[in-house]
Each structure stands twice: as C-alpha cells, then as structure tokens.
Amino acid sequence: MNEDLIYEILSVVAEIPAGCVATYGQIARLIGREKNARLVGKVLSMAQYYGDYPCHRVVNHAGRLTPGWPEQSALLQAEGVEIQSTGRVNLKQYQWEC
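Quantities reported herein were computed from a predicted structural model and do not represent experimental measurements. (Residues numbered from 1 in each chain as written. Predicted model: local features only at pLDDT ≥ 70, side-chain atom pairs only at ≥ 80, totals over all residues. Heavy atoms only, no water.)

**Q** Describe the overall build of the chain, listing the residues and the values that go with them.
**A** When you go through the chain residue by residue, the secondary structure sums to five helices and two strands. Each helix and strand of the chain, ordered N terminal to C terminal, gives the series α-β-α-α-β-α-α. Since a compact globule built from 98 residues should have a radius of gyration of about 13 Å, the 13 Å found for the chain is in line with a globular shape. Overall, the chain is about 40 × 25 × 20 Å in size when its C-alpha atoms are taken along their principal axes. The buried share among the 98 residues of the chain stands at 40%. Contacts spanning at least 24 positions in sequence make up 60% of the contacts within the chain whose residues lie at least 6 apart. (Helix = DSSP H or I, 4+ residues; strand = E, 2+ residues; numbered from the N terminus. Rg over C-alpha atoms; globule rule 2.2 N^0.38 Å. Buried < 20%, exposed > 50% of the residue type's maximum accessible area, 1.4 Å probe, protein only. Contact = heavy atoms within 4.5 Å.)

As structure tokens, this is what we get:
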C-alpha cells in the first residue's frame, strides 16, 4: 500500500477533535477517494504501526462502533460521546463538521 496514501488518511484522522466522530466514508471523501471507505478501514486497522492516532473516533456510516474493539466505546465515552443502547453514536449530534 502506498505510504503517502496511508499518511494522508491518518493525517485526516488526527484532525478529528475530541468529542466528535467521523465516518470511514467521510474520510474517504476528504482525501478525494469517495468510493474507498473500506480502504480507510484497512489503513486504520494497521494505524498502530505508524504512530498514535485517534482511530477510536471513526465509526461506520450508521454510527456503529468497530466490532471486536470494546475499548472504542470507553475511549469515546471518556471524551463525552454518548453511546446509544444500540451500540451506535448519534451522528447528528457527534459527527465532525469539517
């Protein structure tokens, strides 16, 4: 995978403010790769190899958290993001307006 692309994705993730979330698709649009939301997810799954990024602030298009990552909920809640009983974030309330 192209390292420039990886750092482009991670630099957008680094801009997401505490207490807000972004979607994979939103990040893909911001880097000019509208149809590559899955690529964003793939890069974020390997982000620990590139540094410390707030990947916990990225959710899917419906506000669902990443499966198999229970710490994501705790990290978001520590920033004041409420997790609904359905395990989702209310995007109307918490989505990053960039």
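**Q** If you had to explain the nonpolar core to someone new, which residues and values would you point to?
**A** Counting residues in each nonpolar core, the largest one holds 19 residues, and the members touching the most others are I9, V13, I16, I27, V40, L44 and V58. Those elements that provide at least two residues to this core are α1 (3–15), α2 (24–30) and α3 (37–45). For this core, the leading source of residues is α1, giving six residues. Apart from the residues within four sequence positions on either side, I9 is in contact with I27, I31, V40, V43 and L44. Residues V21, L76, I83 and Y94 belong to the second largest nonpolar core, which totals nine residues. (Core = buried A, V, L, I, M, F, W, Y, C linked by side-chain atoms within 4.5 Å.)

**Q** Describe the packing of aromatic side chains, naming the residues involved and giving the relevant values.
**A** By the definition in use, this model includes one aromatic pair. Where Y7 meets Y50, the ring centres are 5.5 Å apart and the plane angle is 85 degrees; that geometry is what we call edge-to-face. Highlighted residues: Y7 in helix α1 and Y50 in the loop between α3 and β2 (58–59), separated in sequence by 43 residues. On the basis of relative accessibility, which here comes to 36%, the residue Y7 falls in the partly exposed class. Residue Y50 is classed as partly exposed on the basis of its relative accessible area, which comes to 22%. (Phe/Tyr/Trp six-rings, centres within 6.5 Å; stacked < 30°, edge-to-face > 60°.)

**Q** I'd like a description of the pattern of salt bridges, backed by residues and values.
**A** When the charged atoms of two side chains with opposite charge come close together, those side chains can pair. On inspection of all chains with the given rule, the structure shows one salt bridge. Here E79 and R57 are joined by a salt bridge, their closest N and O atoms 2.7 Å apart. Of the two residues, E79 sits in the loop between α4 (71–78) and α5 (91–94) while R57 sits in the loop between α3 and β2, which places them 22 residues apart along the sequence. Residue R57 is classed as buried on the basis of its relative accessible area, which comes to 11%. (Salt bridge = Lys/Arg side-chain N within 4 Å of Asp/Glu carboxyl O.)

**Q** Quick one: what's the story with α1, residue by residue and with numbers?
**A** With 13 residues, α1 should cover 18 Å at 1.5 Å per step; its first-to-last C-alpha distance of 19 Å lies within 8% of that length. Listed in full, the buried residues belonging to α1 are L5, I6, I9, L10, V12 and V13. One side of α1 carries all its buried residues, which in axial view fall inside an arc of 155 degrees. Facing away from the buried surface of α1 by more than 90 degrees, the exposed residues are D4 and E15. Where α1 begins, the side chain of N2 points an oxygen toward the backbone nitrogen of D4, at a separation of 2.7 Å. (Expected span 1.5 Å × (residues − 1). Arc of directions from axis to C-beta. Polar contact = N/O pair within 3.5 Å; in protein donor to acceptor, adjacent residues only side chain to side chain.)

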